[in-house]
Amino acid sequence: MTVLPTVAQAAPAATEASTLVSPFNLSAVSLTDSRWMDNQKRTVNYLKWVDLERLLYNFRATHGLSTKGATPNGGWDAPNFPFRTHAQGHYLTAWAHCYASLRDTLCRDRATYLVAELAKCQANNKAAGFGAGYLSGFPESEFTALEARTLSNGNVPYYAVHKTMAGLLDVWRHIGDTKARDVLLALAGWVDTRTSRLSYGQMQAMLGTEFGGMNEVLADLYRQTGDKRWLTVAQRFDHAAVFDPLASNQDKLNGLHANTQVPKWIGAALEYKGTGTIRYWDIARNAWNITVAAHSYAIGGNSQAEHFRPPNAISQYLTKDTAEACNTYNMLKLTRELWTLNPDSAAYFDFYERALINHLLGQQNPADSHGHVTYFTPLNSGGRRGVGPAWGGGTWSTDYDSFWCCQGTALETNTKLMDSIYFHDQSRLFVNLFTPSILRWAERGATITQTTAFPVGDTTTLTVSGSGTNQPWDMLIRIPSWTTSKGEIIINGKNSGIRVVPGSYAVISGRAWKAGDTVTVRLPMTLRTVPANDNPGVAAVAYGPVILSGDYGNNSLSSMPTLALDSLHRIQGLEFTASADGKTVRLAPFYDAHAVNYNVYWVTRGRLPRT
Ligand SMILES: [Zn+2]
């Protein structure tokens, strides 16, 4: 295989005793040809094309520098939009991902150019009348109003600053750019100065305004630097009104703006890793359990009109504005952090797989070479991606006139599709996702190549090569809860006899691997229903991990169709037919339901055929 150039990176400084399993660096894993890689390519096209001068416009204008004749952006980056420049941090992160995973030097150079220009903005703070370290596309007076609780323009200033900080951290971490580190540390210092002046009560009042993952990025900065100062600042952003009920496992989410909360929970997970205080772990895992069990649709997304609804209220909220994409992006980040604390639990990556395949993979428009995305994923009967009033329905993002939150998080999602396939500790390799990819496990001198058509096929093959195969290590493979007891693990063409229990990890223990060894995992798929928590007579239909949707072409639906479950018939692959409202309808993966009206939840009658 080709030898890839070494990537410059900055390693984390803090050690985390609580973390049992580590992710691989992005530079260790590459996608190979697949539906996943197609998504990545489209997003990378856009990342390499977008005009950097336009992205810098609001930063330069705010910090008193020339905008160099650039055209201002529209949408959520327009010069009069309250939290303009919330998006640029996502671009920084996505470019950093591309450099790490693809060795793409154009993406690296775009990231470091943007950082260098942001450094110039920050350096002009005195002339602009801002405090040392400040960096944003709107004036610092927004924070004065935020602290005084007089902000009336709908701004969420810390939400935007969080994104900039996270982007700078990723450019430092994945590209090794020390200028990004310096700009970040100065900005973090500004946050410390600004918040250290506030009383606990003032701070808690201020946290009533959405602040993204300020506790998350500051705890992550502690992880990166080992400097406890940042952990202290992170903890100032612990939002008691949200954390206290979760610490005692109470579901008080009804009515809360959903994506305002999830980043706080990721922060709690990182604060647990930083401090060892169990209460943070309780908050994060209770939040995850409550959200997954009582607030998530079959596709893994949550929220309706951006808000949490009462526990288990699913069938009552199947509308055009369900499942904001950012929430799922953040739930996946939370899932990953929690799983590393409890790697025996297969439930975490069962959810990860469900939400990634059924929500985020299909969020992107496969017909668009720039990989534009939807904000919500409509779950109303007859819903359609790309159609709707402004961002309120399912319309696609654009090159320069949307810059929604969900457009920013999708840049990250589609450039880190490789980041959670494999994990490891000293002697164990975990295979969590079935995605065509190559892992270079440097510590073991081993290369693992995963070949699969999953989820179109039910089989994946892992081939081990490389020189460092003299020491035995374990391979643990997630056996999803949706598979049957007939799954099998075949090693070098022979059934291994290893126990394959749905909802657990199968273990190939202590094997001395030889170059060319193959492990084939077969995970039989069957039809199943995913009933709405609040109505057992309403359900989505899945085959294995894949939610199927009815293809209604351009026909509209005035009510939820009634599906005769016993009529479901497999044509080939993931394509089925069935009878709904007495008419034949084609069912296929929801992630591929593009340019058609679709139906995900059905009134169900009868029983599924035995497969
Ligand atoms: Zn969003």
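Provided above is the structure to which this section pertains.
These figures come from a predicted structure and were not determined experimentally.

With that settled, consider the overall build of the protein chain. Regarding its fold elements, the protein chain presents 17 helices and 20 strands. Computed over its C-alpha atoms, the radius of gyration of the protein chain comes to 24 Å, within 12% of the 25 Å expected for a compact globule of 611 residues. With respect to the three principal axes, the spread of C-alpha positions in the protein chain is 70 × 65 × 50 Å. Summarising the internal contacts of the protein chain: among those between residues at least 6 apart in sequence, 71% fall at separations of at least 24. Surface accessibility of the protein chain: about 21300 Å² in total, with carbon and sulfur atoms responsible for 50%. Distance from the positive charge centre (54 side chains) to the negative charge centre (49 side chains) of the protein chain: 3 Å.

What follows concerns the coordination of the zinc ion. Protein coordination at the zinc ion comes from Glu324 (OE), Cys326 (SG), Cys405 (SG) and Cys406 (SG), with a distance range of 2.2 to 2.3 Å. Its 4 donor atoms give the zinc ion angles of 95 to 121° at the centre, a pattern that matches the tetrahedral case. For the zinc ion, the single-chain donor residues occur in sequence as E-x1-C-x78-C-C. A residue pair is termed long-range when its members are at least 10 positions apart, and Cys326 in helix H15 (residues 325-339) and Cys406 in helix H17 (residues 405-413) qualify at 80 residues. Across the pair, exposure class does not vary: Cys326 and Cys406 are buried alike.

For the rest of this paragraph, the subject is the sheet that holds strand E6 (residues 446-452). In space, the 7 strands of this open sheet follow the order E2-E5-E6-E7-E12-E9-E10, with antiparallel pairing throughout. The open sheet has two free edges, formed respectively by strand E2 (29-31) and strand E10 (494-495), since each of these has just one partner strand.

Turning our eyes to something else, we now look at the side chain of Thr291. Mapping Thr291 onto the fold places it in helix H14 (residues 278-294). Of the residues examined, Thr291 reaches a relative accessible area of 0% and is grouped as buried. Setting aside its immediate chain neighbours within four residues, Thr291 contacts Leu253, Trp265, Ser296, Asn302, Phe308 and Met331.

This brings us to the nonpolar core. The biggest cluster of nonpolar side chains holds 178 residues, and the ones touching the most others in it are Trp95, Leu218, Trp265 and Met475. Looking at which element gives the most residues to this core, the answer is helix H7 (residues 157-175), with 11 residues. Look past the residues within four positions of Leu218 in its chain and what remains in contact with it is Met165, Ala188, Val191, Trp230, Val233, Ala234 and Phe237. Core analysis: the next-biggest nonpolar cluster, separate from the first, contains 19 residues, Ala298, Ile299, Ala593 and Tyr601 among them.

So, on to the pairing of strand E9 (residues 488-491). Where E9 meets strand E12 (residues 518-522), 4 bridges bridge the pair, whose relative direction is antiparallel. Looking across to E12, one finds that Ile491 is bridged to Val519. Looking at chain direction, E9 and E10 are connected through 2 bridges and run antiparallel. Bridging from a neighbouring strand, Ile490 pairs with Asn495 of E10. Count of turn residues in the E9/E10 antiparallel hairpin: 2 residues, of which Asn492 carries a positive phi of about 50°.

To continue, consider the layout of surface pockets. Approximately 300 Å³ is the volume found for the second largest pocket. The wall of the second largest pocket is formed by 15 residues, among which Asp350, Phe351, Arg354, Ser481 and Arg528 lie closest to the centre. Secondary-structure elements contributing two or more residues to the lining of the second largest pocket are H14, helix H16 (347-360) and strand E13 (527-532). A class-by-class count of the residues in the lining of the second largest pocket yields 9 nonpolar, 2 polar and 4 charged.

Here the structure, examined in full by the defined rule, presents 40 aromatic pairs. A ring pair is formed by Tyr158 and Phe237, whose centres lie 5.3 Å apart and whose planes are at 75°; its orientation type is edge-to-face. With Tyr158 in helix H7 and Phe237 in the loop between helix H11 (228-236) and helix H12 (240-247), the pair connects residues that are 79 residues apart, well separated along the chain. Ring centres of Phe434 and Phe454 lie 5.2 Å apart, and the angle between their planes is 75°; this geometry places the pair in the edge-to-face category. Taken together, the residues span a long stretch of sequence, with Phe434 in the loop between strand E4 (428-431) and strand E5 (437-441) and Phe454 in the loop between E6 and strand E7 (459-465) at a distance of 20 residues. On the accessibility criterion, Phe434 (3% relative accessible area) is buried. By relative accessible area, Phe454 is classed as buried at 5%. Three or more aromatic residues link up through ring pairs in this structure, and these residues are Phe130, Tyr134, Phe138, Phe143, Tyr158, Trp190, Phe211 and Phe237. We note Arg285 situated over the ring of Trp281; from NZ or CZ to the ring centre the distance is 4.1 Å. Looking at Arg511, its charged tip hangs above the ring of Trp513, at a distance of 5.4 Å from the centre.

We now examine the side chain of Asp77. Secondary-structure assignment places Asp77 in the loop between helix H2 (52-62) and helix H3 (88-102). No salt bridge forms around the buried Asp77; measuring N to O, its nearest opposite-charge neighbour Arg84 is 7.0 Å away. Among the polar contacts made by the side chain of Asp77, one reaches the side chain of Gln88 at a distance of 3.1 Å. For Asp77, the contacting residues outside a window of four places in its chain are Arg54, Asn58, Arg84, Thr85, Gln88 and Phe403.

The buried fraction of H17 is high, at 9 of 9 residues. Looking only at H17, the buried set comprises Cys405, Cys406, Gln407, Gly408, Thr409, Ala410, Leu411, Glu412 and Thr413. The secondary structure elements touched by the buried residues of H17 are helix H1 (35-49), H3, H7, H15 and H16.

Rules used in this analysis
Residues numbered from 1 in each chain as written. Predicted model: local features only at pLDDT ≥ 70, side-chain atom pairs only at ≥ 80, totals over all residues. Heavy atoms only, no water. Helix = DSSP H or I, 4+ residues; strand = E, 2+ residues; numbered from the N terminus. Rg over C-alpha atoms; globule rule 2.2 N^0.38 Å. Contact = heavy atoms within 4.5 Å. Areas by Shrake-Rupley, 256 points an atom, 1.4 Å probe, with all protein chains shown as cover. Lys, Arg positive; Asp, Glu negative; His and termini not counted. Charge placed at Lys NZ, Arg CZ, Asp CG, Glu CD. Donors = N, O, S within 2.8 Å, 3.2 Å for Na, K, Ca; no water. Tetrahedral: all angles 85-135°; square planar, octahedral: opposite > 155°, others 65-115°. Buried < 20%, exposed > 50% of the residue type's maximum accessible area, 1.4 Å probe, protein only. Pairing = 2+ DSSP bridges. Core = buried A, V, L, I, M, F, W, Y, C linked by side-chain atoms within 4.5 Å. 1 Å grid on protein atoms, 1.4 Å probe; cavity = no way out; pocket = protein on both sides within 12 Å on 5 of 7 lines; lining within 4 Å. Points joined across faces, edges and corners; volume = space filled by probe spheres on them. Nonpolar A, V, L, I, M, F, W, Y, C, P; charged D, E, K, R; others polar. Phe/Tyr/Trp six-rings, centres within 6.5 Å; stacked < 30°, edge-to-face > 60°. Lys NZ or Arg CZ within 6 Å of the ring centre and 35° of its normal. Salt bridge = Lys/Arg side-chain N within 4 Å of Asp/Glu carboxyl O. Polar contact = N/O pair within 3.5 Å; in protein donor to acceptor, adjacent residues only side chain to side chain.

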